[in-house]
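Below are the chains, spelled out letter by letter.
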Amino acid sequence: MSVARDHGGVAIIIPCYRVAERIGGVIRAIPSHYRTIICVDDASGDGTAEAIVAAGDPRVALLRHERNRGVGGATKTGYAEALRRGATVCVKMDGDGQMSADDLDPLVAPLLDGVADYAKGNRFVDLHALRAMPRARLFGNAMLSFASKLASGYWNMLDVSNGFTALRASLLRELDVNALSDRYFFETSVLIELNIRRAAVVDVEMPARYGNEPSSLRLGFALLTFPSLLVRGVLRRFYWRYMIEEFGVVALCVLLGVPLLTFGVAFGAYHWGESWRT
């Protein structure tokens, strides 16, 4: 039996960058019971803003950036506007058409039912649908997901880099927005902040949907930039969770283990080198 839910407080934030050909279809597909749609044109320069206006949907509020701030920066702008409008749940949905409006109701259901603070899509459950995902993108997502699990502490999450998310507004107000990345590390940085606050996070199964549009995230770029961001994320989470909030066995083991491990590796490497030399 279906459960009646009030979607009136749900705001859908759509960060838009060069999606003039697809954004109209994305807006039209959003069901009528979602009454607030916030589109953030991230200095697209391809007529994206005009396409949003041409959609003629009275639910849409258009915000524009004079300079490109990245997907995270655009989402944070949308979040701020959603909070200003009194939203209770903030959904992030991309404007390129890869996220189906059919998945909106299942995505927000755990928050409206009070069983989760944050929900995210999980495309790694439908093997048949995953065959449509380009292999390089699938491999890259899998590697980034594993690294993001390490950084965020949510080991039971799959498809961590999935950008189709729903966040409880009351929790959003508590997050350190300045600590959230402006670029492609945004989703992982949100999970790190949520872990610090012990937020309940759930996966929502949904099929992978990929057309001919290229991914805007380049694997080479991610391999160069993500490692340092992941290390900083781990250190930030460790400091707040295990040094400040609950100093205990984990913190003690790390504080003792890291210097001892460093000494052991250096000592062993020195003597291995001496043995090799002689």
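Below is a short write-up of the structure. (Residues numbered from 1 in each chain as written. Predicted model: local features only at pLDDT ≥ 70, side-chain atom pairs only at ≥ 80, totals over all residues. Heavy atoms only, no water.)

### Quick notes on the overall build of the chain
Rules: Strands are runs of DSSP state E lasting at least 2 residues, helices are runs of H or I lasting at least 4, and numbering of each runs from the N terminus. Partly exposed residues are those whose accessible area sits between 20% and 50% of the maximum for their type, while under 20% is buried and over 50% is exposed, using a 1.4 Å probe and protein chains only. We call two residues in contact whenever any of their non-hydrogen atoms come within 4.5 Å of each other. All accessible-area figures derive from a Shrake-Rupley calculation using a 1.4 Å probe, and residue coverage is judged against the displayed protein chains alone.
Assigned secondary structure in the chain consists of ten helices and seven strands. For the chain, with 278 residues in total, the buried portion stands at 46%. A fraction of 76% describes how many contacts in the chain between residues 6 or more apart in sequence connect residues 24 or more apart. Here the chain displays about 14500 Å² of accessible surface, and carbon together with sulfur accounts for 59% of that area.

### Digging into the sheet that holds strand β4 (residues 89-92)
Here is the rule: DSSP-based pairing: two strands are paired if at least 2 bridges between them are found. The angle between two axes is taken between their N-to-C directions and runs from 0 to 180 degrees, where each axis is a line fitted to C-alpha atoms and a helix contributes only its stretch in contact.
Spatial ordering of the open sheet is given by β3-β2-β1-β4-β6-β5-β7, a layout of seven strands whose pairing is mixed. Strands with a single pairing partner mark the edges of an open sheet, and in this sheet they are β3 (60-64) and β7 (201-205). Direction aside, neighbouring strands of the sheet carry axes that sit 20° apart on average. One ladder, built from five bridges, connects strand β5 (residues 118-122) with β7; its direction is parallel. Within the sheet, the bridge partner assigned to Y118 lies in β7 and is V201. Together, β1 (10-16), β2 (36-41), β3, β4 and β6 (165-168) form the strand contacts of helix α3 (residues 70-84), whose direction differs from that of β1 by roughly 150°.

### As for the side chain of R241
Here is the rule we go by: N or O atoms closer than or at 3.5 Å make up a polar contact, with two conditions inside protein: a donor-capable atom paired with an acceptor-capable one, and, for residues adjacent in sequence, both atoms drawn from side chains.
Within the secondary structure layout, R241 lies in helix α9 (residues 219-245). Look at R241 and you get buried, because its relative accessible area is 11%. In this structure the side chain of R241 is engaged in a polar contact, spanning 2.9 Å, whose partner is the side chain of N195. If sequence neighbours within four positions are ignored, R241 has contacts with N195, I196, R198 and E246.

### Here's the deal with the environment of L107
With respect to the helices and strands, L107 occurs in helix α4 (residues 104-112). The sequence separation of L107 and Y118 amounts to eleven residues, and the corresponding C-alpha distance is 9.3 Å. Setting aside chain neighbours within four positions, we find L107 in contact with V91, A119, K120, G121, F164, T165, A166, V204 and M206.

### Overview of unusual backbone geometry
Look at A43: it is not a glycine, yet its phi comes out positive at around 55°. Positionally, A43 belongs in the loop between β2 and α2 (48-54).

### What about the pattern of salt bridges?
In plain terms, the rule: By salt bridge we mean one thing: a side-chain nitrogen of Lys or Arg within 4 Å of a carboxyl oxygen of Asp or Glu.
Applying the stated criterion to the full structure yields 17 salt bridges. Residues K92 and D94 are paired through a salt bridge, measuring 2.9 Å at the closest nitrogen-oxygen approach. For the residue pair K92 and D94, the accessibility class agrees, reading buried in each case. Measuring nitrogen to oxygen at the nearest pair gives 3.8 Å for the salt bridge that ties E245 to R198. Of the two residues, E245 sits in helix α9 while R198 sits in the loop between α8 (186-196) and β7, which places them 47 residues apart along the sequence. Salt bridges sharing common partners tie together D176, E193, R197 and R236.

### Details of α3
Stated formally: By definition here, a helix of n residues has an expected span of 1.5 Å times n minus one.
End to end, α3 covers 22 Å across 15 residues, agreeing with the expected 21 Å (1.5 Å per residue, within 8%). One or two steps after α3, the chain reaches G86, where phi turns positive at roughly 80°.

### What to know about the packing of aromatic side chains
Put simply, the test is: Centres within 6.5 Å are what make two rings of Phe, Tyr or Trp a pair, Trp counting through its six-membered ring; a difference in plane orientation under 30 degrees is then read as stacked, over 60 as edge-to-face, and the rest as tilted.
Tallied over the full model, the rule gives six aromatic pairs. Both rings, one in F238 and one in Y242, keep their centres 6.0 Å apart while their planes meet at 35°; by these two values the pair is tilted. Of this pair, F238 and Y242 both sit in helix α9, four residues apart, which is roughly one turn of the helix. Ring centres of W272 and W276 lie 5.8 Å apart, and the angle between their planes is 15°; this geometry places the pair in the stacked category.

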